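Structural features, examined
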Amino acid sequence: MYTSRISGLGSYVPENVVTNDDLAKLMDTNDEWIQERTGIKERRHIKKGDGNTTSTMGVKAATIAIERAGLQTSDIEMIIFATLSPDMYFPGGGVQIQDLMGMDTVPALDVRNQCSGFVYALSVADQFVRTGMYKHVLVIGSENHSGGLDFTTRGRNVSVIFGDGAGAAVVSRNETGKGGILSTHLHSEGKHKDELALQGPSTGYWVPEILEKNPQEDIPYYPYMNGQFVFKHAVVRFAEVIMEGLNANGLSPSDIGMLIPHQANLRISQFIQKKLRLSDDQVYNNIQRYGNTTAASIPIALTEAWEKGKIKEGDLVVLAAFGSGFTWGSAMIRW
Ligand code: ACO
């Protein structure tokens, strides 16, 4: 049995910055409400004609990650692509990465676990490397939220939160003899599937049915979120799954070098930090600048923290996510 490690990281966000004041021109909201409730000051949105899509942003992040791993695209033996906003209903985004990056006919797997997508994808990559099946697996989280949000007052509780971007990691066989991915911990609770969901178009809510909808009613092709309900579950599950990972490795919160929580809401991150008694230096947040980029949020934050020198060799890095499904998970990594 082998172990795996993250050998390269990369991220990409569109250039177009959208501030809270910009959104206040489109809907009844304001900078104070958004900052106070979420911590978000601005986010990035794809601009029509800038060439960005979920898959092309994924390629940009992946290209950086592969280069930093000291590898060539041809070294990648599998693609795992996490997104809730693929360019097409089917096929998934993984095959587009394979095509756009000119890769050999390597397997491409899509993961649809929303905000926990990256942690789930990392776990899958870890298993493939541990068994010895592959040496280098490319994991990508990428989202184009701005194309599918309701920017009227009706959708304001959701549309102010989300942003676009991509992050990527190369998961490689650990030949350093030190550290690597120690363990991953995944969970789901589908009975809450309707509390944060985009219902259609789907086979349960097909296009003709949507077209018959009265525009005054809730529109199923925009995301619905029961914010307070999600918030209450998030703070419990985040702390639980971080402790599960620490306990599995005989570690405690004081051992954490850097916690990268999924960037759902700054208040959620602060709540977890307080609950686990972590210092400001032990938690990395960048939701202030990017909003919630769902499957991309952890790899973007992880890349940034690493680029800023906040993650050093030997540090215990903890990734934790919670989101729609509900699904949640954590990853314990010795850097
Ligand atoms: N601007 C101004 N007012 C607003 C806005 C807005 N953008 N959005 C909602 N409001 C209003 C509401 O209408 C409500 O008004 P009322 O009291 O007159 O009815 C009031 O503000 C309070 O609304 P709440 O929804 O109770 O506000 P809350 O403090 O819960 O904040 C938020 C909302 C930010 C969505 C929060 O609940 C949250 O972050 N929830 C968790 C999100 C999360 O973790 N998601 C998981 C990951 S996402 C994924 O998996 C895809």
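For every chain, the first residue of the written sequence is number 1, and numbering continues from 1 along that sequence. Totals for whole chains, interfaces and linings use all residues, but because this is a predicted model, local features are given only for residues with pLDDT of at least 70 and pairs of side-chain atoms are given and counted only at 80 or more. Side-chain numbers here rest on the full set of heavy atoms in the structure, without hydrogens or water.

1. Considerations on the site of the ligand
Let me state the cut-off plainly: Only a single heavy atom is needed: when it lies within 4 Å of a molecule or strand, its residue is near that molecule or strand. Whenever a nitrogen or oxygen atom comes within 3.5 Å of another N or O atom, the pair is scored as a polar contact, on the condition that within protein one atom can donate a hydrogen and the other can accept it, and that pairs from neighbouring residues in sequence are kept only if both atoms are in side chains. Here the Shrake-Rupley method, with its probe set to 1.4 Å, supplies the accessible areas, and only the displayed protein chains count as covering residues. Put simply, DSSP H or I for four residues or longer makes a helix, DSSP E for two residues or longer makes a strand, and each gets a number counted from the N terminus. Each residue gets one label: Ala, Val, Leu, Ile, Met, Phe, Trp, Tyr, Cys and Pro are nonpolar, Asp, Glu, Lys and Arg are charged, and the others, such as Gly, are polar.
Taken together, 27 residues surround the ligand, and among them T29, R37, C115, Q228 and N265 come closest. A distance of 3.0 Å is found between a nitrogen atom of the ligand and a backbone nitrogen or oxygen belonging to G227. The contact in question runs from an oxygen atom of the ligand to an N or O atom on the backbone of S324, over 2.9 Å. Contact with the protein chains hides 77% of the accessible area of the ligand, taken as 1,000 Å² for the molecule alone. Among the elements of the structure, α2 (31-38), α6 (156-159), α8 (227-248), α9 (266-275) and β12 (316-323) are those that each provide at least two residues to the shell around the ligand. With four residues, the single largest contributor to the shell around the ligand is α8. Along the lines of polarity and charge, the residues of the shell around the ligand split into 13 nonpolar, 10 polar and four charged.

2. Considering the packing of helix α3 (residues 54-68) against helix α4 (residues 93-100)
Operational definition: Note on method: axes are straight lines fitted to C-alpha atoms, helices fitted across the in-contact stretch only, with angles between N-to-C directions ranging 0 to 180 degrees. Small angles under 35 degrees read as roughly parallel and large ones over 145 as roughly antiparallel, with 65 to 115 read as roughly perpendicular and the rest as oblique. It is the rotation of the near helix from the far one that decides the hand of a crossing: anticlockwise by less than a right angle makes it left-handed, clockwise makes it right-handed. Residue contacts are counted whenever heavy atoms from the two residues lie within 4.5 Å of one another.
Contact pair α3 / α4: the axes reach a minimum separation of 9 Å and the direction vectors enclose 55°. It follows that α3 is oblique to α4 by the angle criterion. For α3 against α4, the interelement crossing comes out right-handed. Touching S55, T56, G58 and V59 of α3 are Q96, I97 and L100, all from α4.

3. Here's the deal with the sheet that holds strand β7 (residues 165-173)
Convention followed: Each pair of strands is called paired provided DSSP finds at least two bridges between the two strands.
Within the open sheet, the five strands sit side by side as β1-β7-β6-β4-β5. Their pairing is mixed. Only two strands of the sheet have a single partner each, and these edge strands are β1 (4-12) and β5 (108-111). On average, each strand axis in the sheet is tilted by 20° relative to the strand beside it, whichever way the strands run. Pairing between strand β6 (residues 136-143) and β7: eight bridges, direction antiparallel. Bridge pairing in β7 links H136 to S172. Most of the contacts of α3 go to β1, to which it runs at about 130°, and overall it touches β1, β4 (78-82), β6 and β7. Contacts from α4 reach β4, β5 and β6 within the one sheet, and its direction differs from that of β4 by about 130°.

4. Here's the deal with the domain arrangement of the chain
Put simply, the test is: Boundary definitions for the domains trace back to an automatic or database domain assignment. Buried surface area refers to the total accessible area, computed with a probe of radius 1.4 Å, that the two partners give up upon joining, counted for both partners together. The salt bridge criterion pairs a side-chain nitrogen of Lys or Arg with a carboxyl oxygen of Asp or Glu, the two atoms within 4 Å.
Domain boundaries in the chain define domain 1 (4-173) and domain 2 (180-334). If you average the C-alpha positions of domain 1 and of domain 2, the two centres end up 14 Å apart. Contacts between the two partners involve 53 residues from domain 1, matched on the other side by 52 residues from domain 2. Taken together, the two surfaces of domain 1 and domain 2 that pack against each other cover about 4,000 Å², and 63% of this comes from carbon and sulfur. For the domain 1 face of the interface with domain 2, the top three residues by lost area are C115, V119 and R154, together amounting to 15%. For the pair domain 1 and domain 2, the number of links is one salt bridge. Between E307 and R68 there is a salt bridge, and its shortest N-O distance comes to 2.9 Å. In this assembly, domain 1 and domain 2 are joined by 21 residue pairs in polar contact (both at pLDDT 80 or more).

5. Some details on the packing of α8 against α9
Between α8 and α9, the least distance of the axes is 10 Å, while the angle of their chain directions is 45°. In this view, α8 runs oblique relative to α9, as classed from their interaxial angle. Here α8 runs over α9; the crossing is right-handed. Contacts between α8 and α9 involve F231, A234, V235, V236, F238, A239 and I242 on the former and, on the latter, R267, I268, F271, I272 and K275. Split by residue class, the contact of α8 with α9 holds 10 nonpolar, no polar and two charged.

6. Re the environment of E189
Mapping E189 onto the fold places it in the loop between β8 (180-188) and β9 (196-197). The spacing of E189 and Y290 is 101 residues in sequence and 28 Å in space, taken between C-alpha atoms. In contact with E189, not counting residues within four places along its chain, are R237, G325, F326 and W328.

7. Some thoughts on the sheet that holds β12
Strand order in the open sheet formed by four strands is β8-β13-β12-β11, with mixed pairing between adjacent strands. A strand with exactly one partner marks an edge of an open sheet, and here the two such strands are β8 and β11 (258-261). Averaged over neighbouring strand pairs, the angle between their axes works out to 10° when direction is ignored. Two elements, β11 and β12, share four bridges in a ladder whose sense is parallel. Each bridged residue has a counterpart across the sheet, and for M258 the counterpart in β12 is V317.

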